[in-house]
Amino acid sequence: KREEPPEKPSTGTLDPAKLTKDERDLLMDWQYTYKYADIQKYQSTGKGTTAAAKQAQVFENILNRSPTYEGIAYRALNLKGASLQQFSRMKSFRLEAVSSATTNPELAVHMAQTGAELGKGRGVVLQITQRGAADLREAFKYLEGMEDEIILRKGAMYKVTDKKVIDNILTIFMEEVK
């Protein structure tokens, strides 16, 4: 069964009402238009457009002012073939770029199931014990966002602690190691 231990209260100075226009636009793009791929590419390769470099810096500024999330987070994936095999065998990994996760386990399961039904690959849910993610839930609520979203930071290290199939979804249990 997917666990939901209590989360620790987060602290931080990000005031959603005081976001700059660039910050608001970036967060809206992150949640609704999926333009975050440019930021992820820039962070992982150091290559990209001037706009991507600026977005990555604006996003880093937001994350640095955000409260820290310590608790359970969920990430839905759909994987096929070699990617699924490689991911299934992993014992640990380091994030090369920021990534999003939710604090809502039902949403992650739904996303993994939907992707599988659409033929995007095996549904996988990462259940991650977080220690240093950026908590953007209040900022997204202020912007009328839909998810209880947190951001997994570039460079974060994770170790796999268990793997189980739950409701036909491969669930990989992980924890952030500092």
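Here, every reference points to the structure presented above.
Calculation criteria
- Residues numbered from 1 in each chain as written.
- Predicted model: local features only at pLDDT ≥ 70, side-chain atom pairs only at ≥ 80, totals over all residues.
- Heavy atoms only, no water.
- Helix = DSSP H or I, 4+ residues; strand = E, 2+ residues; numbered from the N terminus.
- Rg over C-alpha atoms; globule rule 2.2 N^0.38 Å.
- Buried < 20%, exposed > 50% of the residue type's maximum accessible area, 1.4 Å probe, protein only.
- Axes fitted to C-alpha atoms, helices over the stretch in contact; angles between N-to-C directions.
- Parallel < 35°, antiparallel > 145°, perpendicular 65-115°, else oblique.
- Contact = heavy atoms within 4.5 Å.
- Nonpolar A, V, L, I, M, F, W, Y, C, P; charged D, E, K, R; others polar.
- Core = buried A, V, L, I, M, F, W, Y, C linked by side-chain atoms within 4.5 Å.
- Expected span 1.5 Å × (residues − 1).
- Polar contact = N/O pair within 3.5 Å; in protein donor to acceptor, adjacent residues only side chain to side chain.
- Salt bridge = Lys/Arg side-chain N within 4 Å of Asp/Glu carboxyl O.

(A) Spotlight on the overall build of the chain. The secondary structure content of the chain amounts to 6 helices and 7 strands. Going residue by residue from the N terminus, the α and β elements of the chain occur as α-α-α-β-α-β-β-α-β-α-β-β-β. The C-alpha atoms of the chain give a radius of gyration of 16 Å, which matches the 16 Å a tight globule of 178 residues would have. Sorting the 178 residues of the chain into buried and exposed places 43% on the buried side.

(B) Highlighting the packing of helix 1 (residues 21-33) against helix 3 (residues 50-65). Look at helix 1 against helix 3: their axes get within 10 Å of each other, and the N-to-C directions meet at 95 degrees. Of the possible angle classes, the one that applies to helix 1 and helix 3 is roughly perpendicular. Here D22, E23, L26, L27, D29 and W30 of helix 1 come into contact with helix 3, specifically with K54, Q55, V58, F59, I62 and R65. Here the residues of the contact of helix 1 with helix 3 sort into 6 nonpolar, 1 polar and 5 charged.

(C) Local environment of the nonpolar core. Counting 22 residues, the largest nonpolar core has V124, L126, L152, Y158, I172 and M174 as the members making the most contacts within it. Mapped by element, the contributors of at least two residues to this core are strand 1 (68-79), helix 4 (81-89), strand 4 (122-135), strand 5 (149-152), strand 6 (157-166) and strand 7 (169-177). Sequence-distant contacts of V124, that is, excluding residues within four places in its chain, are made with R75, A76, L77, L79, L84, A112, I169, L170 and I172. In this structure, L27, F59, V98 and A139 belong to the second largest nonpolar core, which totals 18 residues.

(D) Structural detail: the environment of L143. Mapping L143 onto the fold places it in the loop between helix 6 (137-142) and strand 5. Residues L143 and H110, 33 residues apart in the sequence, show an inter-C-alpha distance of 23 Å.

(E) Representation of helix 5 (residues 105-117). With 13 residues, helix 5 should cover 18 Å at 1.5 Å per step; its first-to-last C-alpha distance of 18 Å lies within 8% of that length. Where the residues of helix 5 are buried, they touch strand 1, strand 3 (99-102), strand 4 and strand 7. Where helix 5 begins, one side-chain oxygen reaches toward the backbone nitrogen of E106, 3.0 Å away; that side chain belongs to N104. The first or second residue beyond helix 5 is G119, which carries a positive phi of 80 degrees.

(F) Here's a closer look at the pattern of salt bridges. Applying the stated rule across the entire model yields 7 salt bridges. Ionic pairing is found between D22 and K54, a salt bridge with its closest N-O pair at 3.3 Å. Here K54 lies in helix 3 and D22 lies in helix 1, a separation of 32 residues in the sequence. By relative accessible area, D22 is classed as partly exposed at 40%. One salt bridge connects E96 with R94, and the closest N-O pair in it is separated by 3.4 Å.

(G) Expanded view of the packing of helix 2 (residues 36-45) against helix 3. The N-to-C vectors of helix 2 and helix 3 enclose an angle of 90 degrees; their axes lie 9 Å apart at closest approach. Compared by their axis directions, helix 2 and helix 3 come out roughly perpendicular. Of the residues in helix 3, those in contact with D38, I39, Y42 and Q43 of helix 2 are A52, A53, Q55, A56, F59 and E60. Residue composition of the contact of helix 2 with helix 3, grouped by class: 6 nonpolar, 2 polar and 2 charged.

(H) View of unusual backbone geometry. In this structure, D167 takes a positive phi of about 55 degrees despite not being glycine. Assignment of secondary structure puts D167 in the loop between strand 6 and strand 7. Even without a glycine there, the phi angle at N168 is positive, about 65 degrees. Position of N168 relative to the elements: it lies in the loop between strand 6 and strand 7.

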